[in-house]
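Notes for the structure review
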Amino acid sequence: MATHNTATRRVLLKLSGEALGGNAMGIEPSILAKSAKEILDIAKQGVQIAIVIGGGNIFRGAALQKAGLNRVIGDQMGMLATVINGLAMRDELIRQGGSCVLMSAYGIPSITTQYQAQLGKEIIEQGSILIVAGGTGAPLFTTDTTAVLRAVELECNEVLKGTKVDGIYDSDPMKNKDAKFIKHISFDEVIAQKLEVMDLTAFTLALENNMNIRVFNMNKEGALFKAATTGDEGSLVSCQGV
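The following refers to the structure shown. (Residues numbered from 1 in each chain as written. Predicted model: local features only at pLDDT ≥ 70, side-chain atom pairs only at ≥ 80, totals over all residues. Heavy atoms only, no water.)

Quick word on the packing of aromatic side chains
The test is simple: Each aromatic pair joins two rings of Phe, Tyr and Trp (for Trp, the six-membered one) with centres within 6.5 Å, and gets the label stacked for planes under 30 degrees apart, edge-to-face for over 60, and tilted for any other angle. The secondary structure listing takes helices from DSSP runs of H or I that are at least 4 residues long and strands from runs of E that are at least 2 residues long, numbered from the N terminus. Between buried and exposed lies partly exposed: a residue is buried under 20% and exposed over 50% of the maximum accessible area for its type, with that area taken using a 1.4 Å probe on protein chains only.
All chains considered together, the criterion is met by two aromatic pairs. The interplanar angle of 70 degrees and the centroid separation of 5.5 Å between the aromatic rings of Tyr 169 and Phe 181 together place this pair among those described as edge-to-face. Of this pair, Tyr 169 sits in strand S7 (residues 168-169) while Phe 181 sits in strand S8 (residues 181-182), placing them twelve residues apart in sequence. On the accessibility criterion, Tyr 169 (19% relative accessible area) is buried. Residues Phe 187 and Phe 203 carry aromatic rings whose centres are separated by 5.1 Å and whose planes lie at 55 degrees to one another, so their mutual orientation is tilted. Here Phe 187 is found in helix H7 (residues 187-192), whereas its partner Phe 203 is found in helix H8 (residues 200-208), with 16 residues between them in sequence.

As structure tokens, this is what we get:
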């Protein structure tokens, strides 16, 4: 597992764009405010936080790509959408009294800071929340892959992936009421059981760099706080397994 030089817990939160939009496209102000408050409550516990935000609440390229939109152009539009979400989250965090820096690999120097891993680590170590937008800066990579890549570069302890279920199950809990919850599982077991945790590129990158992935229910009250502070929430994927 990637670690930094202090005993301080450092996490990367993978926040989907859809989570900010609720049941509609765009950004729902009440959800944005609630998410920002939860993140600030975590920071007050001394946890160092980096955030990767998706852009699905603003632009969903899959449907347009099926209709003929060029994949590269669609991904570029998606990266711009993550910058919009990053700007909104940065503004809300600062409005609520937090310290936050927005970096982007997809350079927009007039409104973001160009992403650099070393500078990002320094920002986190100084106590600011770091938002990383713009994906990897290149098309064809998901925000799942971006999240793992940034977690490795920033020497985080875990990637926290918020979902709509409590964690990892042996089958789809939405379709199978008898699905069994898995608290702790190894990367090898996830592969053997063909469980879908992240896209293959992201998962392989996490495996190769021994980066733990914690999957939890983003909509469950207090789940994000527990996942980030105590690590006792949801399901953990690690090299060690049970």
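Let's talk about the environment of Leu 93
Along the polypeptide, Leu 93 turns up in helix H4 (residues 71-95). Note: C-alpha distance between Leu 93 and Asp 178 (85 residues apart in sequence) is 40 Å.

Overview of the layout of surface pockets
The line we're drawing: With a 1 Å grid laid over protein atoms only, a set of points is called a cavity when a 1.4 Å probe fits there but cannot get out and a pocket when it is open yet has protein on both sides within 12 Å along at least five of seven lines; lining residues have an atom within 4 Å of a point. Grid points are joined across faces, edges and corners, and a volume is the space filled by probe spheres set on the points.
There is about 1,200 Å³ of room inside the largest pocket. As for the largest pocket, its lining consists of 41 residues, of which Ser 16, Gly 17, Glu 18, Gly 54 and Gly 56 are closest to the centre. Counting residues per element, the ones that place at least two in the lining of the largest pocket are strand S1 (10-15), helix H1 (17-21), helix H2 (29-43), helix H3 (61-66), H4, helix H6 (143-153) and strand S6 (158-163). Of all the elements, H4 adds the most residues to the lining of the largest pocket, at six residues. The volume enclosed by the second largest pocket comes to roughly 390 Å³. Val 165, Gly 167, Pro 173, Glu 196 and Val 197 are, among the 16 residues lining the second largest pocket, the residues nearest its centre. Breaking the lining of the second largest pocket down by element, the ones donating at least two residues are S6 and S7.

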